[in-house]
Amino acid sequence: MNAISHDVAKPAVAPGSQGSKLAALNAWVAEVAALTKPDAIHWCDGSDAENAALIAQMEADGTLVKLNESTHPNSYLHRSHPDDVARVEHLTFVCTSRQDDAGPNNHWMAPADGHAKMDALFDGCMKGRTMYVIPYCMGPIDSPLSRCGVEITDSPYVVANMRIMTRMGAPSLARIEREGTFVKGLHSIGELDPERRFIMHFPEELTIKSFGSGYGGNALLGKKCHALRIASHQARSEGWLAEHMLILGLENPQGETHYIAAAFPSACGKTNLAMLIPPEGYRAKGWKVWTVGDDICWMRPGADGRLYAINPEAGFFGVAPGTSAKSNPNALKSIQSNTIFTNVGVTADNQPWWEGLDDGQTPVTDWRGNAYDPAKGPAAHPNSRFTVSAKQCPSYSPEAENAAGVPISAIVFGGRRPSLVPLVFEARDWTHGVLVGAAMGSETTAAATGAVGVMRRDPMAMKPFCGYNFADYFTHWLSFDQAGANLPKIFHVNWFRKGDDGSFLWPGFGENLRVLEWMIQRVKGEAGSVETPIGHLPKDDEINLDGVQLTDEARAKLFGFEREGWQAEFASIGEYLDEYGPRMPQALKDEQQRIAKALGN
Ligand code: GTP
Ligand code: MN
Ligand code: MN
């Protein structure tokens, strides 16, 4: 690592350091260095040697703690600042020239004000630190659906995580040099002061500025900031979709694989569904689930009119608590080695530990690094996470590296709905499906700071991530229904329906395969349904429930249609759409009114 001059007129890249062949990139790096005043600049090449050196440095300064090498080879624990453990939606802004373009779904600031605010924070913030330049590619390096970015950060923890979560380093830099365009992401952990923390997006400039947080969703800029907020904006102008969706392949005993994309809000089951292991009886017959992605899906129509999807990420940044050999064995197998754990507890022999791991061990240290005391809360933070390469997942699909993407047969929406919403229903057509997505509601979780368990509308699980006005976003979704299109069927699921005693009525996890099986039968025209105003519900016995114990209450609530409750729900959906004023597409309002009328409102 070389010292650099702070004089912008001189070359940005210190002698011996890598630099790029792209003048625009070098100029931006120089500009950032002049503002942030780092002691050194390091261009990341993504090599093993570079990673080893960064890990050694972080071990030496305490950023990483090495875990038990014999049980968890090459794995580390990171303890974040205790005030920096989740996304901060109240500090996240979309800065478009016109406020209306950001919409009521985003916090807005005028671009000039946003830059001024951020640049004041960045001024001199890297003094005494090294500035890392991370070229990365979201999606397979050779895919036309992929997009590149460069993140500048002063956090080696961010570099190590970006190396797992994206295609980072020399091949990405080569693509950026070829294409000449890239998303600019500037990040500093600053002082980790919640009072001096902002995550700002400038979609019109393909630029992100993030200050004061090291947490994944705020700091790994390739993920939520680029692959969702900026990409959703790019996707709208280029005719594709950037979604908060898992992608899985469902292989049946005949060897056919159908791909399903599913949007659930944060901590509502995407990673679990993406890595699903079929129940014993299904496994014996040859059913298999392939994981393409667990969090983000970019898709666009192919020549045959179908939607083709890629996972822009290369790794998983998954919720640790609740991950066990029983709930998600594929995730557990993925994280036995080469994994970074953030904010979990540790056992006496230095193994990572979290609530719900169910491995018979007990933690001695909590996520803050204090002696574990159950009276003081859980050992692992509820939003503690693991970062691991997707390649370590036993169910990782070889098709995830396919530059053409995978064809999507079904899109699924869902959330945490303790009441009213049945286990599964199917939208009548695309427009109805878009309304089902737009009307999604869910209880909030620990993935963002704020109250947990509060019902809120989270359209298509994109409330925290859509980089533009939701009304325009729904218009964009509706626009895919055009001549020549061969669109997936749209479904809604609810794994979280509760009984009168407050317990979950559906066993969930692996058993969710039964619902996916019904969806594909519907796609193939092989299963019937009961038509209701809210859509098609499965007919009796059309979902295979062999071996599932359900009480009469569970059956009634999981498969029933509760007219009165839906009347109230549709009134509330109507009010929600109205919050967006005349910009809300009429087709969606018409659909809401048609259903409200059919419900007898
Ligand atoms: P992000 O990564 O934050 O976007 O969230 P995610 O959607 O990937 O959530 P994840 O799969 O990590 O699930 C989080 C929580 O949901 C965990 O507590 C799981 O135990 C729980 N969960 C997942 N699937 C099911 C299910 O089928 N039934 C029930 N009851 N809980 C589930
Ligand atoms: Mn997510
Ligand atoms: Mn996840």
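Residues numbered from 1 in each chain as written. Chains lettered and ligands numbered in written order. Predicted model: local features only at pLDDT ≥ 70, side-chain atom pairs only at ≥ 80, totals over all residues. Heavy atoms only, no water.

Contact geometry of helix H2 (residues 48-61) with helix H5 (residues 156-165) gives a least axis separation of 10 Å together with a crossing angle of 140 degrees. In this view, H2 runs oblique relative to H5, as classed from their interaxial angle. The interaxial crossing formed by H2 with H5 has left-handed handedness. Counting all contacts with H2, which are made through Asp-48, Asn-51, Leu-54, Gln-57 and Met-58, the residues of H5 involved are Pro-156, Tyr-157, Val-159, Ala-160 and Arg-163. (Axes fitted to C-alpha atoms, helices over the stretch in contact; angles between N-to-C directions. Helix = DSSP H or I, 4+ residues; strand = E, 2+ residues; numbered from the N terminus. Parallel < 35°, antiparallel > 145°, perpendicular 65-115°, else oblique. Left-handed = near helix turned anticlockwise from the far one by under 90°. Contact = heavy atoms within 4.5 Å.)

Next up on the list: the site of ligand 1. Taken together, 19 residues sit near ligand 1, with Ala-267, Lys-270, Thr-271, Arg-385 and Phe-509 positioned nearest. Between Ala-267 and ligand 1, the recorded distance is 2.6 Å, taken from a backbone N or O atom to an oxygen atom. Within the side chain of Arg-416, one N or O atom sits 3.2 Å away from an oxygen atom of ligand 1. Burial of ligand 1 by the protein amounts to 89% of the accessible area it has alone, namely 670 Å². Applying the majority rule of atoms within 2 Å of the grid points places ligand 1 in the largest pocket. The element that contributes the greatest number of residues to the shell around ligand 1 is helix H9 (residues 270-274), accounting for 3 residues. Broken down by class, the residue content of the shell around ligand 1 amounts to 8 nonpolar, 7 polar and 4 charged. (Near = heavy atom within 4 Å. Polar contact = N/O pair within 3.5 Å; in protein donor to acceptor, adjacent residues only side chain to side chain. Areas by Shrake-Rupley, 256 points an atom, 1.4 Å probe, with all protein chains shown as cover. 1 Å grid on protein atoms, 1.4 Å probe; cavity = no way out; pocket = protein on both sides within 12 Å on 5 of 7 lines; lining within 4 Å. Sits in = over half its atoms within 2 Å of the grid points. Nonpolar A, V, L, I, M, F, W, Y, C, P; charged D, E, K, R; others polar.)

Another aspect to go through is the nonpolar core. In terms of nonpolar packing, the biggest core is built from 146 residues, with Met-299, Ile-411, Phe-413 and Trp-477 touching the most fellow members. Formed by 36 residues, the second largest nonpolar core is a distinct cluster that contains Ala-262, Val-493, Trp-506 and Leu-516. (Core = buried A, V, L, I, M, F, W, Y, C linked by side-chain atoms within 4.5 Å. Buried < 20%, exposed > 50% of the residue type's maximum accessible area, 1.4 Å probe, protein only.)

On to H2, then. Taking 1.5 Å of rise per residue, the 14 residues of H2 would be expected to cover 20 Å, and the 20 Å separating its terminal C-alpha atoms lies within 8% of that figure. Every buried residue belonging to H2 is among Glu-50, Asn-51, Leu-54, Ile-55 and Met-58, and all of these are buried. Mapping the buried residues of H2 onto a view down its axis gives an arc of 130 degrees, with all of them on the same face. For H2, the exposed residues set more than 90 degrees away from the buried face come down to Asp-48, Ala-49 and Ala-60. Buried residues along H2 sit in contact with strand E2 (40-43), strand E4 (76-78), strand E7 (130-138), H5 and strand E9 (167-168). Among the residues trailing H2, Gly-62 stands out with phi positive, at a value near 85 degrees. (Expected span 1.5 Å × (residues − 1). Arc of directions from axis to C-beta.)

The next subject is the coordination of the manganese ion (ligand 2). Binding of the manganese ion (ligand 2) to the protein goes through Lys-224 (NZ), His-244 (NE2) and Asp-295 (OD), at separations of 2.2 Å. Each donor residue of the manganese ion (ligand 2) lies on one chain, and together they are spaced K-x19-H-x50-D. In this model, the manganese ion (ligand 2) sits 5.2 Å from the manganese ion (ligand 3). Here the residue His-244 occupies a position in the loop between strand E13 (241-243) and strand E14 (246-251), and Asp-295 occupies one in the loop between strand E16 (288-293) and strand E17 (297-301), the gap between them amounting to 51 residues. Of the two residues examined, His-244 and Asp-295, each falls in the buried class. (Donors = N, O, S within 2.8 Å, 3.2 Å for Na, K, Ca; no water.)

With that settled, the discussion passes to the packing of aromatic side chains. The tally for this structure, following the rule as stated, stands at 20 aromatic pairs. Seen from their ring centres, Phe-264 and Trp-495 are 6.3 Å apart, and the 85 degrees between their planes marks the pair as edge-to-face. In this pair, Phe-264 is assigned in the loop between strand E15 (257-263) and H9 and Trp-495 in the loop between strand E29 (489-493) and helix H14 (513-523), connecting sequence segments 231 residues apart. What makes Trp-495 buried here is its relative accessible area of 8%. Among the aromatic residues, those joined into a ring-pair cluster are Tyr-468, Phe-470, Tyr-473, Phe-474, Tyr-576 and Tyr-580. Here the guanidinium or amino end of Lys-224 rests over the ring plane of Phe-465, the centre of that ring lying 4.4 Å away. The positively charged end of Lys-288 is found above the aromatic ring belonging to Trp-290, 4.0 Å away from the centroid. (Phe/Tyr/Trp six-rings, centres within 6.5 Å; stacked < 30°, edge-to-face > 60°. Lys NZ or Arg CZ within 6 Å of the ring centre and 35° of its normal.)

Listed under "active site" (unreviewed entry) in the UniProt record, and renumbered for this structure, are Cys-268. Looking at the element boundaries, Cys-268 is found in the loop between E15 and H9. When neighbours within four sequence positions are excluded, Cys-268 is seen to be in contact with Arg-416, Ser-442, Thr-445 and Phe-496. (UniProt positions renumbered as here; feature names shortened; annotations may be inferred.)

Attention now moves to helix H1 (residues 23-36). For H1, built from 14 residues, the straight-helix expectation of 20 Å at 1.5 Å per residue is met to within 8% by its first-to-last C-alpha distance of 20 Å. Taken as a whole, H1 has its buried residues at Leu-25, Asn-26, Trp-28, Val-29, Ala-30, Val-32, Ala-33 and Thr-36. Where H1 is buried, its residues meet E2, helix H4 (111-122), E7, strand E8 (147-153), helix H6 (170-179) and strand E10 (183-188). Looking one or two places after H1, you find Lys-37, whose phi comes out positive at around 55 degrees.

It is worth spelling out the environment of Met-584 at this point. Relative to the helices and strands, Met-584 is located in the loop between helix H16 (563-578) and helix H17 (586-598). Among the residues examined, Met-584 registers a relative accessible area of 2% and is labelled buried. For the pair Met-584 and Phe-470, spaced 114 residues apart in the sequence, the C-alpha separation amounts to 8.1 Å. Setting aside its immediate chain neighbours within four residues, Met-584 contacts Ala-471, Phe-474, Leu-577 and Lys-589.

Here the structure, examined in full by the defined rule, presents 4 cavities of 30 Å³ or more. Lining of the largest cavity is provided by 16 residues; of these, Phe-425, Val-436, Ala-439, Trp-566 and Ile-573 occupy positions nearest its centre. Contributions of two or more residues to the lining of the largest cavity are made by helix H12 (430-438) and H16. Per-element accounting of the lining of the largest cavity gives the leading share, 4 residues, to H16. Grouping the amino acids of the lining of the largest cavity by side-chain chemistry returns 10 nonpolar, 3 polar and 3 charged. (Points joined across faces, edges and corners; volume = space filled by probe spheres on them.)

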